[in-house]
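So the chains spell out like this:
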Amino acid sequence: MVENTKYNINDELSNLSDGPYIFIQKNKLIEKTILNGKVLSKVLATDTYDTIYSPEKSNFNKVRKIAALSDIHGQYDLVIQILKNNKIIDKNLNWNFGKGHLVIVGDVFDRGDKVNEVLWLIYKLELQAKNKGGRVHFLLGNHEYMVLQKDLRYLSDKYKLSSILLNLDYDELYNHKTILGRWLRSKSTIIKINNSVFTHGGVSEEFIINNGVNLEKINVMMRKHINRTKQEMRGTGLYDMYYGKKSLVWYRDYFKKYGEDLTDADISKILMLLNSDHIIVGHCSNQEVVQLYNNKIFGVDSSIKKGKYGEVLIIKNKRFFRGTLNGKLIKLNKY
């Protein structure tokens, strides 16, 4: 429970609005919203939201168009611009990508102050996409795991205040007794669409040696221990799986400025083990969507977290494009 710190009704608190957060109680749902510093609660019908979320499969084939971006970090307004201008959503923020697949490659949480808005947008688009024959895949990144496993050091000040007003630790707003918490716990960490693997940090050879290449089994394992804290996992092999430098969500070595100087042969070996031609990752910030190792690796962390600019990777007919903020497509060539 958050320490009951007393705050005067100052400008910062009285202007605070946040939510909704939907809590699951016996035979009812409770919606809590903060409006101008006041917590408003109402009871919802039990069928307003699903309360059981089953994991999707980890492999998808014959997908004709794919969009991918990552590291949104609460920058709702900017990501709306990117998705609208690239015709993934329409002017009313509804799904506009037909049978295409949109992949959020991790890190919606932390830093920014519109995390909850982004989560509800993804939640809505996921349902709409399925109805149109498409898919939205929200993969868990290191910041999702950090929040769900009670590592809250990157929270914005807004969410610290929200936690105090709601009298709950921030991670409790997304625990298994909430709608978004259950939904998040159904998500994957790594998927394969056509001949491309998607995961937040990357796939290291060491990770493959320790955990294999069966994506379904890996996702089951990642979900299995999602409620264990970082402290609980210290000194166990699980700690390296979730927090190690070679893990799916923390790996950085594809990018020379962050990690080891991998060779093209190193990357080709990883891809061979994965039976894949490409790996699409976030986690490592660049100014735009980038390709490395002759289009084998694509980085889709285009620094959306700064709130000024961002891009989306568009894959159509086996061709790769940068989808810029204004919606212009720029082909990514091999170098």
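Above this text is the structure in question.
Residues numbered from 1 in each chain as written. Predicted model: local features only at pLDDT ≥ 70, side-chain atom pairs only at ≥ 80, totals over all residues. Heavy atoms only, no water.

**Q** Could you clarify how one ought to interpret the packing of aromatic side chains in this entry?
**A** Each aromatic ring pair is summarised here by two numbers: the centre-to-centre distance and the angle between the ring planes. Following the criterion strictly, the structure yields 17 aromatic pairs and no others. Ring centres 5.5 Å apart and planes at 45 degrees place the aromatic pair Tyr-49 and Trp-120 in the tilted group. On the criterion of sequence distance, the pair formed by Tyr-49 in the loop between strand E3 (38–44) and strand E4 (59–60) and Trp-120 in helix H3 (residues 115–131) is long-range, its members being 71 residues apart. Summarising the aromatic geometry, the rings of Tyr-251 and Tyr-254 are spaced 5.2 Å apart at their centres and angled 90 degrees between planes, so their arrangement reads as edge-to-face. What makes Tyr-254 buried here is its relative accessible area of 1%. Connected via pairs of aromatic rings, a cluster forms that spans Tyr-49, Tyr-53, Trp-120, Tyr-123, Phe-138 and Trp-183. For Lys-32, the ring lying beneath its charged end belongs to Phe-23, and the centroid distance is 5.6 Å. (Phe/Tyr/Trp six-rings, centres within 6.5 Å; stacked < 30°, edge-to-face > 60°. Helix = DSSP H or I, 4+ residues; strand = E, 2+ residues; numbered from the N terminus. Buried < 20%, exposed > 50% of the residue type's maximum accessible area, 1.4 Å probe, protein only. Lys NZ or Arg CZ within 6 Å of the ring centre and 35° of its normal.)

**Q** So what exactly am I meant to see when it comes to empty space enclosed by the protein here?
**A** Using a probe with the size of a water molecule, rolled over the atoms, empty space left in the structure can be pinpointed. Summed over all chains, the structure comprises 1 cavity of 30 Å³ or more. Estimates place the volume of the largest cavity at around 60 Å³. Taken together, Ile-72, Val-79, Leu-83, Leu-102, Ile-104, Val-118, Leu-121, Ile-122, Leu-125 and Val-136 make up the full set of residues lining the largest cavity. Of all the secondary structure elements, the ones that give two or more residues to the lining of the largest cavity are helix H2 (76–85), strand E6 (101–104) and H3. (1 Å grid on protein atoms, 1.4 Å probe; cavity = no way out; pocket = protein on both sides within 12 Å on 5 of 7 lines; lining within 4 Å. Points joined across faces, edges and corners; volume = space filled by probe spheres on them.)

**Q** Got a minute to help me understand the environment of Gly-323 in this structure?
**A** Looking at the element boundaries, Gly-323 is found in strand E14 (residues 319–323). Using a relative accessible area of 0% as the deciding quantity, one classes Gly-323 as buried. In this structure, the C-alpha to C-alpha distance between Gly-323 and Val-289, residues 34 residues apart in sequence, is 8.3 Å. Contact partners of Gly-323, with chain neighbours within four places excluded, come to Asn-86, Glu-311, Val-312, Ile-314, Lys-328 and Leu-329. (Contact = heavy atoms within 4.5 Å.)

**Q** I'm lost on the side chain of Ser-285 in this one. Help?
**A** Along the polypeptide, Ser-285 turns up in the loop between strand E10 (278–281) and strand E11 (290–292). Side chain to side chain, Ser-285 and Asp-301 meet in a polar contact 3.0 Å long. At 3.0 Å, the side chain of Ser-285 forms a polar contact with the side chain of Lys-305. Excluding its chain neighbours within four sequence positions, the residues that come into contact with Ser-285 are Lys-257, Tyr-258, Asp-301, Ser-303 and Lys-305. (Polar contact = N/O pair within 3.5 Å; in protein donor to acceptor, adjacent residues only side chain to side chain.)

This is a description of form; function is not addressed.
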